[in-house]
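# Inside the fold
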Amino acid sequence: QGPLVESGGGSAQAGDSLRLSCVASLRTFFSYNMGWFRQAPGKAREFVAQISAATVTYYGDSVKGRFTISRDNDKNTVYLQMNELKPEDTAVYYCAGDVVCSTECVTLGSWGQGTQVTVSS
């Protein structure tokens, strides 16, 4: 296993909710900006959400208002609460460490192995 391990993916119906978790084996987890990205079949990897070390959050336009990122530094875990799921949310979701956002968001650190989320209509 790498330093980031996701869980919580699965199948859902449109309108349902899922919560993803990512446990990070990072000694100074509290100091990292963490994030979530996703990749649908045949598409480029897409930024979903970022939470800074100061717990400031930032979201991609396609999930704003529906998804919430949070973190628990005592558990070295970052979460992605996904509400009002849509079929277009179907993708492999990746946790990422050391995420920086300027004109776009990228990771300077590690990726998790990914967890599949499938939403049917």
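Up top you'll find the structure we're talking about.
Structural notes, computed from the coordinates.

Cut-offs and rules
Residues numbered from 1 in each chain as written. Predicted model: local features only at pLDDT ≥ 70, side-chain atom pairs only at ≥ 80, totals over all residues. Heavy atoms only, no water. Pairing = 2+ DSSP bridges. Helix = DSSP H or I, 4+ residues; strand = E, 2+ residues; numbered from the N terminus. Axes fitted to C-alpha atoms, helices over the stretch in contact; angles between N-to-C directions. Patch = residues over 30% accessible without salt bridge, like charges linked within 9 Å, V, L, I, M, F, W, Y side chains within 5 Å. Areas by Shrake-Rupley, 256 points an atom, 1.4 Å probe, with all protein chains shown as cover. Salt bridge = Lys/Arg side-chain N within 4 Å of Asp/Glu carboxyl O. Core = buried A, V, L, I, M, F, W, Y, C linked by side-chain atoms within 4.5 Å. Buried < 20%, exposed > 50% of the residue type's maximum accessible area, 1.4 Å probe, protein only. Polar contact = N/O pair within 3.5 Å; in protein donor to acceptor, adjacent residues only side chain to side chain. Contact = heavy atoms within 4.5 Å. Disulfide = S-S within 2.5 Å.

This part takes up the sheet that holds strand β2 (residues 10-13). Note: strands within a sheet are paired through backbone hydrogen bonds, in either parallel or antiparallel orientation. Taken in spatial order, the 6 strands of this open sheet run β2-β12-β9-β4-β5-β6, and their pairing is mixed. If you trace the sheet from one side to the other, it starts and ends with β2 and β6 (57-59), each paired once. Each neighbouring strand pair of the sheet contributes to a mean axis angle of 25°, computed without reference to strand direction. Pairing of strand β9 (residues 91-97) with strand β12 (residues 115-120), which is carried by 3 bridges, proceeds in the antiparallel orientation. Across the sheet, Tyr 93 pairs through a bridge with Thr 115, a residue of β12.

A cluster of nonpolar side chains, namely Val 100, Val 106 and Leu 108, defines an oily patch on the protein surface of about 230 Å² accessible area. Position of Leu 108 relative to the elements: it lies in the loop between β11 (105-107) and β12.

One finds Met 34, Trp 36, Val 78, Leu 80, Met 82 and Tyr 93 to be the most contacted residues of the largest nonpolar core, which totals 27 residues. Of all the elements in the fold, those that place two or more residues in this core are β3 (18-24), β4 (34-39), β5 (46-51), β7 (67-72), β8 (77-82), β9 and β12. Sort the elements by how many residues they give to this core and β3 lands first, with 4 residues. With 5 residues, the next largest nonpolar core counts Phe 37, Phe 47, Ala 96 and Cys 105 among its residues.

Spatial strand order, β1-β3-β8-β7: 4 strands in an open sheet with antiparallel pairing. Both edges of this open sheet fall to β1 (4-7) and β7, since each of them pairs with a single strand only. Taking the axes of each pair of neighbouring strands and ignoring which way they run, one obtains an average angle of 15° across the sheet. Note: β7 against β8, 6 bridges, orientation antiparallel. In the sheet register, Asp 72 faces β8, and the bridge partner there is Thr 77.

Position of Thr 77 among the secondary structure elements: in strand β8. The class for Thr 77 is buried, based on a relative accessible area of 5%. At 2.8 Å, the side chain of Thr 77 forms a polar contact with the backbone oxygen of Lys 75. Apart from the residues within four sequence positions on either side, Thr 77 is in contact with Ser 21, Cys 22, Val 23, Phe 29, Ser 70, Arg 71 and Asp 72.

Now for the state of the cysteines. Scanning all chains against the criterion turns up 2 disulfides. In the chain, the bonded cysteines, numbered by position in the sequence, are linked as 1-2, 3-4.

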